[in-house]
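# Descriptive analysis of the structure
Listed below are the residues making up each chain.
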Amino acid sequence: MISVDEARAKILKDIKPVSTEVIALAEANGRVLAEDAVARRTQPPADMSAMDGFAVKAADIAMVPAQLRIVGTAAAGGSHDTVLQTGEAVRIFTGAPLPDGADTIVIQEDTEFTNDAVTVLETAKVGRYVRPAGLDFRGGDIGLTADRVLSPRDIGLLAAMNIPWVTVRRRPRIALLSTGDELVRPGEPVARNQIISSNSLLVAAMIREAGGDPIDLGIAEDNAASLREKAAGASSADMLITLGGASVGDHDLVQSVLAEEGLAVDFWRIAMRPGKPLMFGDFAGIPMLGMPGNPVSSMICSFLFLLPAIDALCGLTPRQPPRQKAILDQDITANDQREDYMRARIIGTKEGLPRVSLFPKQDSSMLSSLSRADCLVVRAPFAAALSAGSEIEIILLRHPYPNV
Ligand code: AMP
Ligand code: MG
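All values reported here derive from a predicted model rather than from experimental measurement. (Residues numbered from 1 in each chain as written. Chains lettered and ligands numbered in written order. Predicted model: local features only at pLDDT ≥ 70, side-chain atom pairs only at ≥ 80, totals over all residues. Heavy atoms only, no water.)

For the rest of this paragraph, the subject is the pattern of salt bridges. Considering all chains together, one arrives at 17 salt bridges under this definition. For Arg323, the salt bridge identified is with Glu339, shortest N-O distance 3.4 Å. Residue Arg323 is located in strand β24 (residues 323–328), and its partner Glu339 is located in strand β25 (residues 339–350); the two are separated by 16 residues in the primary sequence. Here Glu339 falls in the buried class, since its relative accessible area comes to 11%. Each of Arg185, Glu188 and Asp216 takes part in a single network of salt bridges with overlapping partners. (Salt bridge = Lys/Arg side-chain N within 4 Å of Asp/Glu carboxyl O. Helix = DSSP H or I, 4+ residues; strand = E, 2+ residues; numbered from the N terminus. Buried < 20%, exposed > 50% of the residue type's maximum accessible area, 1.4 Å probe, protein only.)

Written out as C-alpha cells, the structure reads:
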C-alpha cells in the first residue's frame, strides 16, 4: 500500500491542462484565466475630480477667503473645455475631468457660492481630490496574470480594463460511473434490498464546485457487459471516476473488466481510512480514479485527490485542503498503519484553537455524520493514543478554496 502523499503525487504527475475557450466576462466568475489580461484602457482616462466642489488654481486660494468667478460646470460624463484662467473656478462633480488650467479641487463644504461666484474658505494643495490619469492602471498594463481563478473582484477589474471577453480553461469534463446491482437513483422505485445511489450526486456537486463539469454515465450493473457499455461513455471526458466495485469481492469487477478496455493500473489500495481500495490508472488515454463505493470514502477521496486533479486539469498549481491545529475533546486510541480521516464537529474554542468532538461512529457508509461534520481529524499512520485536551490536526470541510 502506498501513502496518501505518494498517491496524490502519482495522480497529479501526468495531468495536462485542458484546452481553452473564450467566454463573456459576465460568465467568468470562478473560471480559470488562461491568458494574461492586458488593460485596453487607462483608468482614470484623464485627471478626474474625486469630490463635488470647484476646480481652481491652488495659487488663487493661497489666501482665504478668496472670491473666484464661476465660468462653467463639469459633471461626470461631461467636461469644461476652455482653459481656466486666474481668478476663475469651474463647478465640478465627482468623476468629471479636471479642466485644463485647474490644478486642485476645493470641496463644496469649504465654500459659499451663488450662480456666478464662489468664496473659497479653505486653502488646498495642488492635486487635492484629483485622481490623476492612470492612477488605477494604464492601457497595456497586465492587470491579471494567467492561471488564476477569477473572483468577483477580478471581474470588476477586467470590466474596468474594458475586456468584455476572456480566455479561460474550459471546465474539465469528469465522467462519473456508479457501479452496483443494488443501486437506484433517488426518487426511482426502490426494492427492499436496494439502496439509493448517493455518491454520484455528492461527487458531482463537488466537481461542479471545484470548476469541473460532471458527466453522469449512470449506474453499471455488476457484470462485465454493463460496465463495458457504460464506461465507453467516458471517451469524451478528461477524467473518469468510477464509484464502487473497487475492492476484492466477487462483484468488484471494475479493475478486471476495464483492463480489457485499456485500463493500465498505476496503483491500487492506499494506506488510508476510509478509502483503502482507491485505484488510479490510465483509461484509454485519460486519468481514471476508481473510488470505493461507500459514500464517506468517495467524498474524502474526492476531497483529497479529485479536487487537486481538477486544479491540474485547469492549469492551476494543485491546491491542498489546508490543515490546521485543533484541540481534541475526547481520548482516542493509537492508530494503525493507515492515515485516518475522522468526521468531527467543532464545539467551541480553547486558547484560540477550535475544540473538536469526534462522532462516536465512524462507519464509512454514514452520510448523516458526514453532512453534520465541520471537519476531518487527520491522524498519521501509527499515531500514538491521545487524551482529551491534546492538540491534533484537522481539515475544515467547507469548500477549501472559497472564491470571493
Ligand atoms: P463497493 O465498493 O461496490 O463494494 O461498495 C461498498 C459499499 O458502498 C456497498 O455497501 C455499496 O452498496 C455502497 N455503494 C456503492 N456505490 C454506492 C453509491 N453510488 N451510493 C451509495 N452507496 C454506494
Ligand atoms: Mg459494489
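Here we take up the pairing of strand β14 (residues 165–169). In terms of burial, β14 is a largely internal element, four of the five residues being buried. In the sheet, strand β1 (residues 20–24) pairs with β14 via five bridges, with the strands oriented antiparallel. The residue of β14 that forms the bridge with Glu21 is Val168. (Pairing = 2+ DSSP bridges.)

Next up on the list: the sheet that holds strand β18 (residues 213–220). Read across the sheet, six strands follow the order β18-β15-β19-β23-β22-β20 without closing on themselves; strand pairing throughout is mixed. Both outer strands of the open sheet, β18 and β20 (263–268), are each paired with one neighbouring strand and no more. When strand polarity is set aside, the average angle formed by the axes of neighbouring strands in this sheet is 20°. Looking at chain direction, strand β22 (residues 279–283) and strand β23 (residues 286–291) are connected through five bridges and run antiparallel. Paired with Asp282 across the strands is Pro287, a residue of β23. Against the sheet, helix α1 (residues 4–13) touches β20, β22 and β23, its axis set at about 155° to β20. Contacting β15 (173–179), β18 and β19 (239–243), helix α3 (residues 199–209) runs over the sheet at an angle of about 170° to β15. (Axes fitted to C-alpha atoms, helices over the stretch in contact; angles between N-to-C directions. Contact = heavy atoms within 4.5 Å.)

One open sheet accounts for six strands, arranged β8-β5-β7-β6-β10-β9; its pairing is mixed. What marks the edges here is a single partner per strand, and that holds for β8 (104–107) and β9 (111–113). Pairwise comparison of adjacent strand axes, ignoring direction, gives a mean angle of 35° for this sheet. In terms of strand pairing, strand β6 (residues 66–74) meets strand β10 (residues 117–120) through four bridges, oriented antiparallel. Looking at the pairing, Arg69 lines up with Ala117 of β10.

The domains assigned to the protein chain are domain 1 (4–17 + 171–313), domain 2 (20–43 + 136–169), domain 3 (48–131) and domain 4 (323–396). One C-alpha centre belongs to domain 2, the other to domain 3; they are set 36 Å apart. (Domains from an automatic or database assignment.)

Before going further, it helps to examine the pairing of strand β27 (residues 375–379). Here is the key point about a regular strand: its side chains alternate between the two faces of the sheet. Most of β27 sits inside the fold, with five of its five residues counted as buried. Burial along β27 is two-sided: Cys375, Val377 and Arg379 and Leu376 and Val378, pointing in opposite directions, are all buried. Judged from the five bridges that link them, β25 and β27 form a sheet pairing that is antiparallel. In the strand pairing of β27, Tyr341 is matched with Val378. Pairing geometry for β27 and strand β28 (residues 391–396), over four bridges, is antiparallel. Note on β28: the bridge partner recorded for Cys375 is Leu396.

With that settled, consider unusual backbone geometry. In this structure, the amide linkage connecting Gln43 to the following residue, Pro44, adopts the cis form with an omega of -10°. Looking along the chain, the bond that leaves Arg273 and enters Pro274 is cis, with omega of -5°. Structurally, Pro274 is set in the loop between β21 (272–273) and β22. A positive phi angle, near 55°, is found at Tyr129, a position not held by glycine. Positionally, Tyr129 belongs in the loop between β10 and β11 (130–131). Using a relative accessible area of 26% as the deciding quantity, one classes Tyr129 as partly exposed. One non-glycine residue with positive phi stands out, namely Ala284, at about 50°. For Ala284, the location among the structural elements is in the loop between β22 and β23.

Approximately 360 Å³ is the volume found for the largest pocket. As for the largest pocket, its lining consists of 24 residues, and the residues nearest its centre are Thr179, Glu182, Gly244, Gly293 and Asn294. (1 Å grid on protein atoms, 1.4 Å probe; cavity = no way out; pocket = protein on both sides within 12 Å on 5 of 7 lines; lining within 4 Å. Points joined across faces, edges and corners; volume = space filled by probe spheres on them.)

As a structural note, the neighbourhood of ligand 1 is formed by 14 residues, with Glu182, Ser197, Ser198, Gly245 and Gly293 the closest of them. One nitrogen or oxygen atom from the main chain of Ser198 is found 3.0 Å from a nitrogen atom belonging to ligand 1. At 3.0 Å, a backbone N or O of Gly293 approaches an oxygen atom of ligand 1. Alone, ligand 1 offers 480 Å² of accessible surface; in the complex the protein occludes 78% of this. Taken together, the residues that form the shell around ligand 1 break down as four nonpolar, eight polar and two charged. (Near = heavy atom within 4 Å. Polar contact = N/O pair within 3.5 Å; in protein donor to acceptor, adjacent residues only side chain to side chain. Areas by Shrake-Rupley, 256 points an atom, 1.4 Å probe, with all protein chains shown as cover. Nonpolar A, V, L, I, M, F, W, Y, C, P; charged D, E, K, R; others polar.)

Moving on, we get to the environment of Ala46. Examined against the element boundaries, Ala46 turns out to sit in the loop between β3 (37–38) and β4 (48–49). With relative accessibility at 28%, the residue Ala46 sits in the partly exposed group. Spatially, the C-alpha atoms of Ala46 and Gly244 are 62 Å apart, while their sequence positions differ by 198 residues. Residues contacting Ala46, with those up to four places away along its chain left out, are Pro97, Arg131, Pro132 and Ala133.

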